[in-house]
There are 6 protein chains.
Amino acid sequence: MSEQTQLIPGNSLIANSPEEGRALAVKIARLTIKITQPDAEVRDKLRPAYANDAAMLIAIGQTVAMEFATIAKANNYWQ
Amino acid sequence: MSEQTQLIPGNSLIANSPEEGRALAVKIARLTIKITQPDAEVRDKLRPAYANDAAMLIAIGQTVAMEFATIAKANNYWQ
Amino acid sequence: MSEQTQLIPGNSLIANSPEEGRALAVKIARLTIKITQPDAEVRDKLRPAYANDAAMLIAIGQTVAMEFATIAKANNYWQ
Amino acid sequence: MSEQTQLIPGNSLIANSPEEGRALAVKIARLTIKITQPDAEVRDKLRPAYANDAAMLIAIGQTVAMEFATIAKANNYWQ
Amino acid sequence: MSEQTQLIPGNSLIANSPEEGRALAVKIARLTIKITQPDAEVRDKLRPAYANDAAMLIAIGQTVAMEFATIAKANNYWQ
Amino acid sequence: MSEQTQLIPGNSLIANSPEEGRALAVKIARLTIKITQPDAEVRDKLRPAYANDAAMLIAIGQTVAMEFATIAKANNYWQ
């Protein structure tokens, strides 16, 4: 089933650990970009734009923080 | 009833899986744009503006993250 | 009582459905703009500025997402 | 006691209704600006900058949405 | 112990009142800036940049709103 | 195990105190930047860009506020 998903890898928010949950947050954030701009060539051209721009790196960090808040809650904070 | 909705497809936040919930988040985010700028022609002209701009792609990602937080909670994180 | 409100239509966060709750979120977001810039003429002049600007449309979408998060919770996600 | 407060009017998050709660959110948002820029003359000069700028009006709306989320929760959504 | 803290004054999120909680939110927001830019001279030079810029004042307001949301919850909204 | 983590130091959201939790929030925020821009040389070049820019310092503060909200909740606000 996970092979058919486009937006949530494995179609689950459950992760074994905070580290795995954070990696999932990063992936989910990237998949939203991918569905909004499906052309891989365009995305490749945009990569240097954000990876070399401090403001955009910070904005990506905020996106990951938001996704992680949801994932952490879904996993009851791994308590 | 879902045919009459303009803002929430199917008039429900319930989704069968994280993947469906995420797709719903993407749709809801788009419908807000649509009601704010109802002219399809204008929206079509704006599409390249954000799909080719790294900062806007990130901002869209943040919007989807926010909508998904609500949908995930409504679905008790699909636990 | 709802006629006297300036910020929350009907002075209530309760909505009959997700669609109505979303429409309420849109209205509340607009009323905040209205109280911050009470001059209707100025607001009318600003309308094209945001309805034709991709970045601003996205920012409006984020605002509505935030308002909806509160309304959805107030309605226990219409479960 | 409320006369001595600088940041939270009445030193309380409790409001009688959604409308009053929203008005409190607006006031709290403004008081943060005031403590960050205590010079009334400077604030008066900045007012046209944001009241006539669509992007800033939207950003103010996001701030009020955030404050309201906290106030609404403090009041158990007036249920 | 509070003398050794750099990020959370008093090493506690507990505040006696909403006003004190809000003041704590303001302090915590400032301490994050301080740890990111530890050079007091640089921070002093940046102060006019944000205290005289409407967009930055609004952004600071959003930061304080975020910190306050956490502090208010930690104090059970002073109920 | 913590040596292998790239995103969450110690692979845990648990912290002994608000101060430690806040420091963890700062570290997690930085590690997201690091995974997005893995080239240390580029990151070093970007550092002055944000440490000397008021708007970026504020945006970093917002990121840390978001991460801290999650960590504080994971630790039940150290009550």
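None of the values given here were measured: they were computed from a predicted structure. (Residues numbered from 1 in each chain as written. Chains lettered and ligands numbered in written order. Predicted model: local features only at pLDDT ≥ 70, side-chain atom pairs only at ≥ 80, totals over all residues. Heavy atoms only, no water.)

Draft legend 1. Summary view of the interface of chain A and chain B. Listed by partner, the interface residues are 27 residues for chain A and 27 residues for chain B. Summing both partners gives a buried area of about 2,300 Å² for chain A against chain B, and 68% of it is carried by carbon and sulfur. Of all residues in chain A, Leu 7, Thr 36 and Met 66 of chain A bury the most surface against chain B, accounting for 20% of the area lost on that side. Remark: the boundary between chain A and chain B carries 1 salt bridge. (Contact = heavy atoms within 4.5 Å. Buried area = accessible area lost by both parts, 1.4 Å probe. Salt bridge = Lys/Arg side-chain N within 4 Å of Asp/Glu carboxyl O.)

Draft legend 2. A look at the relation of the copies chain B and chain C. For the pair chain B and chain C, the best superposition has an RMSD of 0.0 Å and corresponds to a rotation of 60° with a translation of 0.0 Å parallel to the axis. Taken together, the turn and the small shift mark the pair as related by a six-fold rotation axis. Within chain B, the C-alpha atom positioned nearest to the axis of rotation is that of Met 66 of chain B, 7.2 Å from it. Each copy contacts the other with its own distinct surface, as only 19% of the interface residues of chain B are interface residues in chain C too. (Least-squares fit on C-alpha atoms with pLDDT ≥ 70 in both.)

Draft legend 3. Region of interest: the relation of the copies chain A and chain B. Superposing chain A onto chain B takes a rotation of 60° combined with a translation of 0.0 Å along the rotation axis, leaving an RMSD of 0.0 Å. A low fraction, 19%, of the interface residues of chain A reappear at the interface in chain B, so the copies pair through non-equivalent surfaces.

Draft legend 4. Focus on the side chain of Thr 70 of chain E. By the element assignment, Thr 70 of chain E lies in helix α3 (residues 54–74). Since its relative accessible area comes to 5%, Thr 70 of chain E is described here as buried. Excluding anything up to four places from it in sequence, Thr 70 of chain E contacts Leu 13 of chain E together with Phe 68, Ala 69, Ala 72 and Tyr 77 of chain F. (Helix = DSSP H or I, 4+ residues; strand = E, 2+ residues; numbered from the N terminus. Buried < 20%, exposed > 50% of the residue type's maximum accessible area, 1.4 Å probe, protein only.)

Draft legend 5. Summary view of the interface of chain B and chain C. With 27 residues of chain B in contact, the opposing surface of chain C contributes 27 residues. Note on chain B versus chain C: buried area summed over both sides is about 2,300 Å², and carbon and sulfur give 68% of it. Applying the counting criterion to the chain B and chain C interface returns 1 salt bridge. The partner of Arg 22 of chain C in a salt bridge is Glu 67 of chain B, and the shortest N-O contact between them spans 2.6 Å. Applying the counting criterion to the chain B and chain C interface returns 11 residue pairs in polar contact (both at pLDDT 80 or more). (Polar contact = N/O pair within 3.5 Å; in protein donor to acceptor, adjacent residues only side chain to side chain.)

Draft legend 6. Layout of helix α2 (residues 40–51) of chain B. The end-to-end C-alpha distance of α2 of chain B, which contains 12 residues, comes to 16 Å, matching closely the 16 Å that a straight helix rising 1.5 Å per residue would cover. Taken together, the buried positions of α2 of chain B are occupied by Val 42, Arg 43, Leu 46 and Ala 51 of chain B. On an axial view of α2 of chain B, the arc spanned by its buried residues comes to 145°, and they lie on one face. Exposed and facing more than 90 degrees away from the buried side of α2 of chain B are Glu 41 and Lys 45 of chain B. Buried residues in α2 of chain B make contact with α1 (18–36) and α2 (40–51) of chain A, α1 (18–36) and α3 (54–74) of chain B together with α2 (40–51) and α3 (54–74) of chain C. For α2 of chain B, the capping residue at the N-terminal end is Asp 39 of chain B, with a side-chain oxygen 2.9 Å from the backbone nitrogen of Glu 41 of chain B. (Expected span 1.5 Å × (residues − 1). Arc of directions from axis to C-beta.)

Draft legend 7. Here's a closer look at the pattern of salt bridges. All names here are of chain C. For the coordinates displayed, the defined rule picks out 12 salt bridges over all chains. In this structure, Asp 44 engages Arg 47 in a salt bridge whose closest nitrogen and oxygen atoms are separated by 3.3 Å. Of this pair, Asp 44 and Arg 47 both sit in helix α2, 3 residues apart, which is roughly one turn of that helix. Owing to a relative accessible area of 42%, Arg 47 belongs among the partly exposed residues under this scheme.

Draft legend 8. Layout of the side chain of Arg 22 of chain B. Examined against the element boundaries, Arg 22 of chain B turns out to sit in helix α1. If sequence neighbours within four positions are ignored, Arg 22 of chain B has contacts with Leu 7, Ile 8, Ile 28, Thr 32 and Glu 67 of chain A together with Val 64, Ala 65 and Phe 68 of chain B.

Draft legend 9. Local environment of unusual backbone geometry. Despite not being glycine, Trp 78 of chain A has its phi angle at roughly 55°, a positive value. As for its position among the elements, Trp 78 of chain A is in the segment after α3 (54–74). The exposure class of Trp 78 of chain A is buried, given its relative accessible area of 19%. Phi at Tyr 77 of chain F takes a positive value of approximately 60°, unusual for a residue other than glycine. You can see Tyr 77 of chain F is positioned in the segment after α3 (54–74).

Draft legend 10. Here's a closer look at the packing of α3 of chain A against helix α2 (residues 40–51) of chain F. At their nearest, the axes of α3 of chain A and α2 of chain F sit 9 Å apart, and the two run at 85° to each other. Our classification of the angle between α3 of chain A and α2 of chain F gives roughly perpendicular. Between α3 of chain A and α2 of chain F, the residues in contact are Ala 54, Leu 57 and Ile 58 of chain A and Leu 46, Ala 49 and Tyr 50 of chain F, respectively. (Axes fitted to C-alpha atoms, helices over the stretch in contact; angles between N-to-C directions. Parallel < 35°, antiparallel > 145°, perpendicular 65-115°, else oblique.)

Draft legend 11. Focus on the environment of Ala 55 of chain F. Examined against the element boundaries, Ala 55 of chain F turns out to sit in helix α3. The sequence separation of Ala 55 of chain F and Ala 74 of chain F amounts to 19 residues, and the corresponding C-alpha distance is 29 Å.

Draft legend 12. Main features of the packing of aromatic side chains. Residues and elements named next belong to chain A. For the structure on display, the rule yields 6 aromatic pairs over all chains. Measuring from centroid to centroid gives 5.9 Å for Phe 68 and Trp 78, while their planes differ by 15°, and the two rings are stacked. Of this pair, Phe 68 sits in helix α3 while Trp 78 sits in the segment after α3; the two residues are 10 residues apart in sequence, bridging distant segments of the chain. The two residues Phe 68 and Trp 78 agree in class, both being buried. (Phe/Tyr/Trp six-rings, centres within 6.5 Å; stacked < 30°, edge-to-face > 60°.)

Draft legend 13. Highlighting the confidence of the model for chain A. Summarising the model, chain A shows a mean pLDDT of 93, and 95% of its residues fall at 70 or more. Scored by ipTM, the complex comes to 0.95, with pTM at 0.95. (pLDDT = per-residue confidence, 0-100.)

Draft legend 14. Up close: the environment of Ala 51 of chain D. For Ala 51 of chain D, the position within the fold is in helix α2 (residues 40–51). Overall, the relative accessible area of 8% leaves Ala 51 of chain D in the buried class. Dropping the residues within four chain positions of it, Ala 51 of chain D is found in contact with Thr 36, Gln 37, Val 42 and Leu 46 of chain C together with Leu 57 of chain D.

Draft legend 15. Structural view of α3 of chain B. All names here are of chain B. Here α3 is 21 residues long and its end C-alpha atoms lie 30 Å apart, about the 30 Å a rise of 1.5 Å per residue gives. Counted residue by residue, α3 has 18 buried out of 21 residues, so it is predominantly covered. For α3, the capping residue at the N-terminal end is Asp 53, with a side-chain oxygen 3.0 Å from the backbone nitrogen of Ala 55. Following α3 by one or two positions, Asn 76 adopts a phi angle in the positive range, close to 50°.

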